[in-house]
Amino acid sequence: MARRTEIDPAAVRSAVAAVRAWLLDDTRPAPARTELAAAVRGTARALAAAAPGHSVEVRVPPFVAVQCVEGPRHTRGNPPNVVETDPRTWLLLATGLQEFATAVAAGTVDASGGRAPEIARWLPLVPLRPDRE
């Protein structure tokens, strides 16, 4: 059985490609829940693999929560460093179609704790260019 930290980059790219049109144009119908879940989970787990650790928790309800970024381990209660957002915003961040600071300023990302903004260092995870297929 594969460990949860083992990420298949091709599978993550494929999952993101399946929702690409919707990310580039939010007037298009939303992708199927299974496609959206695969893209969100794949990119969040890719972040956890790229930035191993337990000091920041990234939450994208209802699909995934991962811990990442090296540092003090959180074990009880609410974590001190949390990034939470909706699935579309997460995918915009993960693909580089939106900057982390811009999303925080717009209120589409809730980043609490001094270490939460550190995840921006690993973004984008699967860069998308709007001008290319």
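Remember, predicted model here, so these are calculated numbers, not experimental data. (Residues numbered from 1 in each chain as written. Predicted model: local features only at pLDDT ≥ 70, side-chain atom pairs only at ≥ 80, totals over all residues. Heavy atoms only, no water.)

Draft legend 1. Representation of the overall build of the protein within the structure. Scanning the protein for helices and strands turns up four helices and four strands. If you list the helices and strands of the protein from N to C, you get α-α-β-β-β-α-α-β. The C-alpha radius of gyration computed for the protein amounts to 14 Å, which stays within 12% of the reference 14 Å derived for 133 residues, consistent with globular compactness. Each of the 133 residues in the protein was classed as buried or not, and the buried ones make up 40%. (Helix = DSSP H or I, 4+ residues; strand = E, 2+ residues; numbered from the N terminus. Rg over C-alpha atoms; globule rule 2.2 N^0.38 Å. Buried < 20%, exposed > 50% of the residue type's maximum accessible area, 1.4 Å probe, protein only.)

Draft legend 2. Structural context of the pairing of strand S3 (residues 82-85). Relative to S3, strand S1 (residues 56-60) runs parallel, the two being bridged by three bridges. Looking at the pairing, Glu-57 lines up with Val-82 of S3. As defined by bridge partners, S3 adjoins strand S4 (residues 109-112) across four bridges and the pair is classed as antiparallel. Note that in S4 the partner of Val-83 across the bridge is Ala-111. (Pairing = 2+ DSSP bridges.)

Draft legend 3. View of the packing of helix H1 (residues 9-24) against helix H3 (residues 87-94). Contact geometry of H1 with H3 gives a least axis separation of 11 Å together with a crossing angle of 105°. In terms of orientation, H1 and H3 fall into the roughly perpendicular class. Mapping the contact onto sequence places Val-19, Trp-22, Leu-23 and Leu-24 in H1 and Arg-88, Leu-91 and Leu-92 in H3. (Axes fitted to C-alpha atoms, helices over the stretch in contact; angles between N-to-C directions. Parallel < 35°, antiparallel > 145°, perpendicular 65-115°, else oblique. Contact = heavy atoms within 4.5 Å.)

Draft legend 4. Broad picture of the sheet that holds strand S2 (residues 64-68). Taking strand neighbours across the sheet as the criterion, the four strands line up as S2-S1-S3-S4 in an open arrangement whose pairing is mixed. The open sheet has two free edges, formed respectively by S2 and S4, since each of these has just one partner strand. Neighbour-to-neighbour, the strand axes of the sheet open up by a mean angle of 10°, direction not taken into account. Sheet contacts for helix H2 (residues 33-50): S1 and S2; angle to S2, the most-contacted strand, approximately 10°.

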